[in-house]
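Here is how the chains run, residue by residue.
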Amino acid sequence: MSAAARKKKSVRADRNRKKAAELLENDLDLTFAKRFFDTPLPGHAPEEWTGKLIVVEGSDGSGRSTHIALLKEWLESQGFAVETMGLRRSNLIARDLDEILAHNVVTSRTLALLYATDLYDQLENRIIPALRAGLIVLADRYFFSLVARAAVRGIARGYLEKIYGMTIRPDMTFRLKVPPQIAFEREFRKNQMISFWESGRDMHLSDSLYESFVSYQSKIAGELDVLSKKYGFIEISAEGSIPRVNEALRRHVAEHLGIRSTKFTPSSALIHLWR
Amino acid sequence: MPTAKPSSTVKTAAQPAPVPPRVTPDNPQRPYPGALIVVEGIDGSGKSTQLYLLKRWLEISGYKIHFTEWNSSPLVKSATSRGKKKKLLTPSTFSMIHAADFADRCERQILPLLQSGYLVLADRYIYTAFARDGARGCPEAWLRNLYNFAPQPDITFYFRAPLEVSINRILVGRPALKYHEAGMDLGLSLDPVESFKIFQGMILDGYDRMVATDNFVLMDGTQQVNRLQKHMRGIVRSRIDLNRYRVKP
């Protein structure tokens, strides 16, 4: 090879290396930006997180909490560390929210903003630190439910979606689907009653508790249908038995995380859920 | 009281800002018969004193008025003060919790009273959030969306004094600055006084940027109290048809 050709080649190699470095840098920023919906949370600098955020949405009586408990045990059995979150569980404001809900004096918008405060507090103090440490965060509902609840009460969906624009984009979002009639049956069997908010009594849909529950949950489901399309939910029918539905969940999670086996039998602590 | 002119780059109130339409029952821009008067400005700018005097004048003259303060909803108060005391608040939750507080006051006091034909006087309004949360790093577009349900003020008085003047008014005769008040959560300085100065400067910049976009009436906070009040009353009289708010016997 001539000296000129060698020089040309080395210049080209240099240029390629520079390009690759640039690409890598851009890629990193892009990954960071994509972690959040619109803009990063104030005070958060670009960094790589190895953790995963897995959300389970679904109405009351869809078996959400049961499946999250089971998924947690299965993931731990596979050697993954798990953190959980849910609505109204922040240090900052959960207690106040409980009290406010008990009194029913709050307007829909204030309630929506208090729930958003609760979610952001968990995001900053629980979810992001866990993701940073490489944990898998299982979310028992995320802002999708909150958007749906507020939207059926007349607050613009876009308004709320923008408020949640600084939250983390989930790696996977499951939606457990169950008809409201079945959800009612399950909830009633579990608690021997149906709560004021679960049946949307503040919306004065019907004097019949059953009618109110069914009509409210159907409205919520309608909102979740829209969000499901937009955010690419993985929809799973929750009408089947717990082991069946849980198997479907494990299959999806295993594929995402690169786990080979989805075989699982819960420990004695959780076996009562396995029916 | 110092009489020096503010070292401001912004135009003063001498040049009239574009006047919004007068409040009339058939003005389609206003879905309510009430009127909203807002004061804004950094701590020590003199805004609360002036609004108090305006309130006294309107009360004594027999008008239907309601006075509301920033961050005062009883519903959210315990969470906010606990969050501040224990330093649990981050820029995002600080902003959200104040928005919840405002929503509660807005939907249970401000809006219903505007609808029933009151003059509502607000000591700080959404612009406080824009300036302060903006200084904490919340994006402006995000903040504007968050507060998009707030009724548009009929007059927004922006009280402005040079940073040094405002800061001296606050620091004289005050035992200690509070953590968030001094912007200590931003890590600007380990010295609370130094941090307070930097933080107030950032908020002042935020306010100054809104003068043009949000139709502020700029008030020279270094003027004598009674002179400034006379000026303020004149502006209120010229922009709002006060007869509509007289208490009917």
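Reading guide: rules and limits
- Residues numbered from 1 in each chain as written.
- Chains lettered and ligands numbered in written order.
- Predicted model: local features only at pLDDT ≥ 70, side-chain atom pairs only at ≥ 80, totals over all residues.
- Helix = DSSP H or I, 4+ residues; strand = E, 2+ residues; numbered from the N terminus.
- Buried ≥ 20, exposed ≤ 12 C-beta atoms within 10 Å, placed from the backbone.
- Contact = placed C-beta atoms within 7 Å.
- Pairing = 2+ DSSP bridges.
- Axes fitted to C-alpha atoms, helices over the stretch in contact; angles between N-to-C directions.

With respect to the overall build of chain B
Stage number 1. Assigned secondary structure in chain B consists of eight helices and five strands.
Stage number 2. Overall, chain B shows an N-to-C arrangement of helices and strands of β-α-β-α-α-β-α-α-β-α-α-β-α.
Stage number 3. A burial count over chain B gives 41% of its 249 residues as buried.
Stage number 4. Taking the contacts inside chain B whose residues are at least 6 apart along the sequence as the reference set, 80% of them involve residues at least 24 apart.

Considering the overall build of chain A
Stage number 1. A count of helical and extended segments in chain A gives nine helices and five strands.
Stage number 2. Over its C-alpha atoms, taken along the principal directions, chain A stretches across nearly 90 × 45 × 30 Å.
Stage number 3. Residue burial in chain A is summarised as follows: out of 275 residues, 36% are buried.
Stage number 4. Taking contacts inside chain A between residues at least 6 apart in sequence as the whole, the part at least 24 apart equals 78%.

Comments concerning the sheet that holds strand 3 (residues 136-140) of chain A
All names here are of chain A.
Stage number 1. What the five strands build is an open sheet, ordered 2-3-1-4-5; its pairing is parallel. Strand pairing shows two members of the sheet lacking a second neighbour, strand 2 (82-86) and strand 5 (234-237), which therefore form its edges. Within this sheet the neighbouring strands show an average axis-to-axis angle of 20°, counted without direction.
Stage number 2. Pairing of strand 2 with strand 3 involves five bridges; the strand directions are parallel. Residue pairing across strands places valine 82 opposite isoleucine 136, the latter belonging to strand 3.

Considering the sheet that holds strand 4 (residues 155-160) of chain B
Residue and element names in this part refer to chain B.
Stage number 1. Strand order in this open sheet of five strands is 2-3-1-4-5, and the pairing throughout is parallel. Of all strands in the sheet, those bounded by a partner on one side alone are strand 2 (65-69) and strand 5 (216-220). This sheet shows a mean twist of 20° between the axes of neighbouring strands, independent of strand direction.
Stage number 2. Docked against the sheet, helix 7 (residues 192-213) engages strand 1 (35-40), strand 4 and strand 5, running at close to 130° with respect to strand 5.

Points about the pairing of strand 4 (residues 172-177) of chain A
Residue and element names in this part refer to chain A.
Stage number 1. Among the six residues of strand 4, five are classified as buried, and the element is accordingly described as predominantly covered.
Stage number 2. As defined by bridge partners, strand 1 (residues 52-58) adjoins strand 4 across five bridges and the pair is classed as parallel. Opposite glycine 58, over in strand 4, you have leucine 176 as the bridge partner.

Keep in mind that these numbers describe shape and distance, not what the molecule does.
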